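Listed here are the chains, written in short residue letters.
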Amino acid sequence: MDSFAERLIGWYTVNKRDLPWRLTKDPYAVWLSEIILQQTRVDQGLPYWERFMENFPSVEALANASEENILRLWQGLGYYSRARNLHAAANYIKNEFNGVFPKTFQEILLLKGVGPYTAAAIASICFGETTPVVDGNVFRFASRYFGIKENIASSKTRKTFENILQDYISKENPGNFNQAMMEFGARVCTPTPNCSFCAFQVDCYAFKRDLQKELPVKRKKINVRDRFFHYLVLKSKNRYYMKVRRSDDVWTGLYDFYLIEGEMNEDEVLNESNKFLSGIDFTVEQVSKKVKHILSHQRIHARFYELELNENSNTSVFQKAGLHAFSHDEILNLPKPKLIVNYLDQLGIK
């Protein structure tokens, strides 16, 4: 058992990537990195981590920030609930722990947006708690090495992996052991593994039986929903009307344009536009091509209808729809979904 941990940590010491959150045991910095790297590649997440640390260098600074500022910095990363959960957790630490980051797995697990994996990572790396981490990389490496054939899409399977790894985790250096498990899965025991460079092939269950493609076992059907977004890009005197998205849908708290949703053709959309803009004189300047935007459980098919309003138009109806006029500079400072950012880039607003 000890030899596995020693070999693994030895490999990690030589081969680990030079990442700034690995140079500290500050739980705030580690927590921030773990949340950012959920559903995000390291190379994409690194500049976001650096910007957050620069703008909000402590739990208290993050707690005192406005949600709009946090979402603005998060813009482009997607899965915006992560940013809102960060803010809520920072306020929880401020109010319930007097601003001091909790030190145990069970206490860290109380933070909004923190699951067993993140809590185990922080507890082991920053406070030396011998609690193994299990993420996608660990599932893959451990299932192949130990020959675990349970379905990793099942919530019950995590406990199996945790129990096995509990016997192998380094008691002296649990933080490095956990980081090594994740790093090895990310860089060597990948979906298409580099077995010829693997330090564990001699006693790897999958390698000896040529089961690398079969492990890990993952059986889960994801239902993906198609949605059709027709955005009315309402503008007047180089000011664009935008609104905050509601809380019961994707991109909560981010800004977009007036939306007509449904599977409709261009004429049907313009007919709906006339109903909304009843009594308002406008010109259809252009209609964009269809754009496909993929989320985890949704495929969004979007089209933008740029409408120039008459200078004397009565826009009081816009207030009821939550629309407000913003200049180019003001738009740049609003938190927006990537779909909207890409469209604004095409308009030269970037």
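The structure this text deals with has already been given above.
All residue numbers refer to positions counted from 1 along the written sequence of the respective chain. Local features in this predicted model are restricted to residues whose pLDDT is 70 or higher, and side-chain atom pairs enter the listing and the counts only when it is 80 or higher, whereas totals over whole chains, interfaces and linings include all residues. Side-chain numbers here rest on the full set of heavy atoms in the structure, without hydrogens or water.

Caption draft 1: Spotlight on the overall build of the chain. Helix and strand assignments come from DSSP, with helices taken as H or I runs of at least 4 residues and strands as E runs of at least 2, each series counted from the N terminus. Helix and strand content of the chain: 16 helices and 8 strands. Principal-axis analysis of the C-alpha atoms places the extent of the chain at approximately 80 × 50 × 30 Å. When checking whether two residues touch, look at their non-hydrogen atoms; a contact exists if any pair is within 4.5 Å. Counted over contacts in the chain with a minimum sequence separation of 6, partners at least 24 positions apart contribute 68%. Of the roughly 17,700 Å² of accessible surface on the chain, a fraction of 46% belongs to carbon and sulfur atoms. Positive residues here are Lys and Arg, negative ones are Asp and Glu, while His and the chain termini are left out of the count. Where a charge lies is defined by one atom per residue type: Lys uses NZ, Arg uses CZ, Asp uses CG and Glu uses CD. Taking the average place of the 46 positive charges on the side chains of the chain and the average place of its 41 negative ones, the gap between the two points comes to 5 Å. Shrake-Rupley sampling with a 1.4 Å probe provides the accessible areas, and residues are treated as covered by the protein chains on show and by no other component.

Caption draft 2: Geometry of the packing of helix α3 (residues 42–55) against helix α5 (residues 67–74). Relative orientation of the contacting elements α3 and α5 amounts to 150 degrees, with a least axis distance of 10 Å. Relative to α5, α3 is oriented roughly antiparallel. Crossing geometry of α3 relative to α5 is assigned as right-handed. Facing Tyr48, Arg51, Phe52 and Asn55 of α3, the residues of α5 in contact are Ile70, Leu73 and Trp74. The classification used treats Ala, Val, Leu, Ile, Met, Phe, Trp, Tyr, Cys and Pro as nonpolar, Asp, Glu, Lys and Arg as charged, and all other residues, Gly among them, as polar. When its residues are assigned to classes, the contact of α3 with α5 shows 5 nonpolar, 1 polar and 1 charged. Lines fitted to C-alpha atoms define the axes here, with helix axes fitted over just the stretch in contact, and angles between the N-to-C directions of these axes take values from 0 to 180 degrees. Angles are sorted into four bins: roughly parallel if under 35 degrees, roughly antiparallel if over 145, roughly perpendicular if 65 to 115, and oblique for all others. Crossing chirality is assigned from the near helix's rotation relative to the far helix, an anticlockwise turn below a right angle marking it left-handed and a clockwise turn marking it right-handed.

Caption draft 3: Here's a closer look at α3. Helix span, as expected, comes to 1.5 Å for every residue beyond the first. For α3, which comprises 14 residues, the first-to-last C-alpha distance of 20 Å matches the rise-based estimate of 20 Å (1.5 Å per residue) to within 8%. Taken together, the buried residues of α3 touch α2 (27–36), α4 (59–64) and α5.

Caption draft 4: Layout of the state of the cysteines. In what follows, a disulfide is any cysteine sulfur pair within 2.5 Å. Here the structure, examined in full by the defined rule, presents 0 disulfides. Left unpaired, Cys195 is separated from the closest cysteine sulfur, that of Cys198, by 6.3 Å. Classification of Cys195 by relative accessible area gives buried; the value is 18%. The cut-offs for exposure are 20% and 50% of the maximum accessible area for each residue type, with area from a 1.4 Å probe on protein chains only; residues under the lower value are buried, those over the upper are exposed, and the others partly exposed.

Caption draft 5: Broad picture of the pattern of salt bridges. Salt bridge criterion: a side-chain nitrogen from Lys or Arg within 4 Å of a carboxyl oxygen from Asp or Glu. Inspection of the entire model under this criterion finds 18 salt bridges. Put simply, Arg187 and Glu183 hold a salt bridge, and the shortest N to O gap is 3.5 Å. Of this pair, Arg187 and Glu183 both sit in helix α11 (residues 174–187), 4 residues apart, which is roughly one turn of the helix. Residue class for Arg187 comes out partly exposed when judged on its relative accessible area of 36%. Taken together, the salt bridges that share partners define one network made up of Arg227, Lys243, Arg245, Arg246, Asp248, Asp249, Asp256 and Glu261.

Caption draft 6: Highlighting the packing of aromatic side chains. When two rings of Phe, Tyr or Trp (its six-membered ring) have centres within 6.5 Å they constitute a pair, described as stacked for plane angles under 30 degrees, edge-to-face for angles over 60, and tilted for the intermediate range. Counted by the stated rule, this structure contains 32 aromatic pairs. On the basis of an interplanar angle of 85 degrees and a centroid distance of 6.0 Å, the ring pair of Phe257 and Tyr343 is categorised as edge-to-face. Here Phe257, found in the loop between β3 (255–256) and β4 (258–261), pairs with Tyr343, found in helix α16 (residues 338–346); they are 86 residues apart in sequence, far enough to count as distant. By relative accessible area, which is 5% here, Tyr343 ends up buried. As a reminder, the over-ring test applies to NZ of lysine and CZ of arginine, requiring each to be within 6 Å of the ring centre and within 35 degrees of the ring normal. The lysine or arginine in question, Arg51, covers the ring of Tyr48, its NZ or CZ lying 4.6 Å from the ring centre.

Caption draft 7: The environment of Lys235, seen in detail. Of note, Lys235 is situated in strand β1 (residues 225–236). You can call Lys235 buried: its relative accessible area is 10%. Remark: the alpha-carbon pair of Lys235 and Gln286, spanning 51 residues in sequence, is separated by 12 Å. Those residues in contact with Lys235 that sit more than four places away from it in its chain are Tyr240, Glu285, Glu306, Leu307, Glu308 and Leu309.

Caption draft 8: Inspection of unusual backbone geometry at higher detail. Following Leu215, the chain continues to Pro216 via a peptide bond in cis, the omega torsion being 0 degrees. Among the structural elements, Pro216 can be located in the loop between α12 (205–209) and β1. Phi at Asn98 is positive, roughly 55 degrees, even though this residue is not glycine. When you line up the elements, Asn98 lands in the loop between α6 (81–96) and α7 (105–108). The exposure class of Asn98 is exposed, given its relative accessible area of 70%. Non-glycine residue Asn238 carries a positive phi angle of around 65 degrees.

Caption draft 9: Quick peek at the nonpolar core. Membership of the largest hydrophobic core comes to 98 residues, with the highest contact counts inside it found for Trp31 and Phe257. Of the residues forming this core, the biggest block, 8 residues, is contributed by helix α8 (residues 116–127). Leave out the neighbours within four places in its chain, and Phe257 touches Tyr231, Leu232, Val233, Tyr240, Tyr241, Met242, Lys243, Phe304, Ile340, Tyr343 and Leu344. The definition of a nonpolar core used throughout is a set of buried Ala, Val, Leu, Ile, Met, Phe, Trp, Tyr and Cys residues joined through side-chain atoms within 4.5 Å. Core analysis: the second largest hydrophobic core is formed by 16 residues, Leu234, Tyr258, Val269 and Leu270 among them.

Caption draft 10: Main features of the packing of α8 against α11. Viewed as axis vectors pointing N to C, α8 and α11 meet at an angle of 135 degrees, and their least axial separation amounts to 7 Å. Put simply, α8 runs oblique to α11. α11 is crossed by α8, and the crossing has left-handed handedness. Between α8, through Tyr117, Ala120, Ser124 and Ile125, and α11, the contact on the second element is made entirely by Pro174, Gly175, Asn178, Gln179 and Met182. Of the residues that constitute the contact of α8 with α11, the class distribution is 5 nonpolar, 4 polar and no charged.

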